[in-house]
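One letter stands for each residue in the lines below.
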Amino acid sequence: MIYVGNWKMNQSFEEAQKFLQSLKQQVPEEKQKSYIILVPTMLFGLMRDELSGTNFNWGGQNCFYKNEGPYTGENSPQLMYEMGARYVLVGHSERRLLFGETHEMILEKAHIIVQNKMTPILCVGESLEQRSQFQNVLKSQLTGFSNLSPLMVAYEPVWAVGSGKIPNNLQIQSALSVIKEVIPHSTVLYGGSVNGQVFRTLLCKELDGFLIGKASLKVDSFILDENAV
Ligand code: PGA
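Since this is a predicted model, take the numbers as computed values, not measurements.

**Describing helix 5 (residues 103-115)**
So, step 1. Between the first and last C-alpha of helix 5 there are 19 Å, a value that for 13 residues agrees with the 18 Å anticipated at 1.5 Å per step.
So, step 2. Restricting attention to buried positions, one finds in helix 5 the residues I106, L107, K109, A110, I112 and I113.
So, step 3. Tucked into the core, helix 5 has its buried residues touching helix 3 (77-83), strand 4 (87-90), helix 4 (93-98) and strand 5 (119-124).
So, step 4. After helix 5 finishes, the residue K117 shows a positive phi value of roughly 65 degrees.

**With respect to the layout of surface pockets**
Over the atoms rolls a probe the size of a water molecule, and in doing so it shows where empty space is left.
So, step 1. Approximately 460 Å³ is the volume found for the largest pocket.
So, step 2. Lining the largest pocket are 19 residues, with M9, Q61, N62, R95 and F99 positioned closest to its centre.
So, step 3. Ranked by residues supplied to the lining of the largest pocket, first place goes to helix 4 with three residues.
So, step 4. Here the lining of the largest pocket is composed, by residue class, of eight nonpolar, seven polar and four charged.
So, step 5. If you add up the space inside the second largest pocket, you get close to 290 Å³.
So, step 6. Lining the second largest pocket are 20 residues; nearest its centre among them are G162, S193, G213, K214 and A215.

**What about the environment of A175?**
So, step 1. Structurally, A175 can be placed in helix 7 (residues 169-182).
So, step 2. For the pair A175 and S146, spaced 29 residues apart in sequence, the C-alpha to C-alpha distance is 16 Å.
So, step 3. Setting aside residues up to four positions removed in sequence, A175 forms contacts with F134, L138 and Y155.

**Some thoughts on the packing of aromatic side chains**
So, step 1. Applying the stated criterion to the full structure yields ten aromatic pairs.
So, step 2. Ring geometry for F44 against W58: centres 5.0 Å apart, planes inclined by 75 degrees, an arrangement best described as edge-to-face. Separated by 14 residues along the polypeptide, F44 in helix 2 (residues 44-51) and W58 in strand 3 (residues 57-60) bring together distant segments of the chain. For the pair F44 and W58, a shared accessibility class is recorded, and that class is buried.
So, step 3. Grouped by ring-pair contacts, the aromatic residues Y3, W7, F19, Y35, F56 and F222 constitute a single cluster.
So, step 4. Positioned over the ring face of F99 is R95, at 4.2 Å from the centre of the ring.
So, step 5. Lying over the aromatic face of F134, R131 brings its terminal NZ or CZ to 4.8 Å of the ring centre.

Reading the values: rules and limits
Residues numbered from 1 in each chain as written. Predicted model: local features only at pLDDT ≥ 70, side-chain atom pairs only at ≥ 80, totals over all residues. Heavy atoms only, no water. Helix = DSSP H or I, 4+ residues; strand = E, 2+ residues; numbered from the N terminus. Expected span 1.5 Å × (residues − 1). Buried < 20%, exposed > 50% of the residue type's maximum accessible area, 1.4 Å probe, protein only. Contact = heavy atoms within 4.5 Å. 1 Å grid on protein atoms, 1.4 Å probe; cavity = no way out; pocket = protein on both sides within 12 Å on 5 of 7 lines; lining within 4 Å. Points joined across faces, edges and corners; volume = space filled by probe spheres on them. Nonpolar A, V, L, I, M, F, W, Y, C, P; charged D, E, K, R; others polar. Phe/Tyr/Trp six-rings, centres within 6.5 Å; stacked < 30°, edge-to-face > 60°. Lys NZ or Arg CZ within 6 Å of the ring centre and 35° of its normal.

Coordinates in, geometry out; function isn't part of it.
Below, the structure written as structure tokens:
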């Protein structure tokens, strides 16, 4: 199983440092590669310093779709790679809704992430209003990604993010089968209100891992499966 933590815009420098020190103590070396932590860009230096020499993976939550140029305030994917990031989240519903990211922008970002030897983690998922149309929504959000490799795809229904609501297993499995049908080579994750109480009920053979928001902010809740440690 792969456990991807999405810190969003949370953790102070000190909180992040304490988190990483405790994570290193709690997760033995051979299990560390199952964890990917996606952090605010301002914490990249800390990640590089604290996690060098470990097998933990880490990356960013967004990047620009070019490596350099007159784009004040944006983050270069090339520089992210140079700092040690190996994964970048793209198409999170918060970026689509709050920052107006379009399908074209998300596709361009995913391509430049791969060009820079990193893995894009693409979030797809329907809103509550789109629920009855979820297959079409997923297919349109996946358009143009089938030739991209490596690629991780997280099924994250918008209504499940941060809400405590979780789709039932049948809903998750039908979404995962749409993703696998369009992009057979992708690694597939589920995200949206995942925590230690519910994750076991969501396990199924199609699923490769979880994308975890709120529960990833504390080491004890980020480690969902004590047996994995
Ligand atoms: P949540 O967030 O686990 O807090 O619902 C998931 C996400 O937004 O990636």
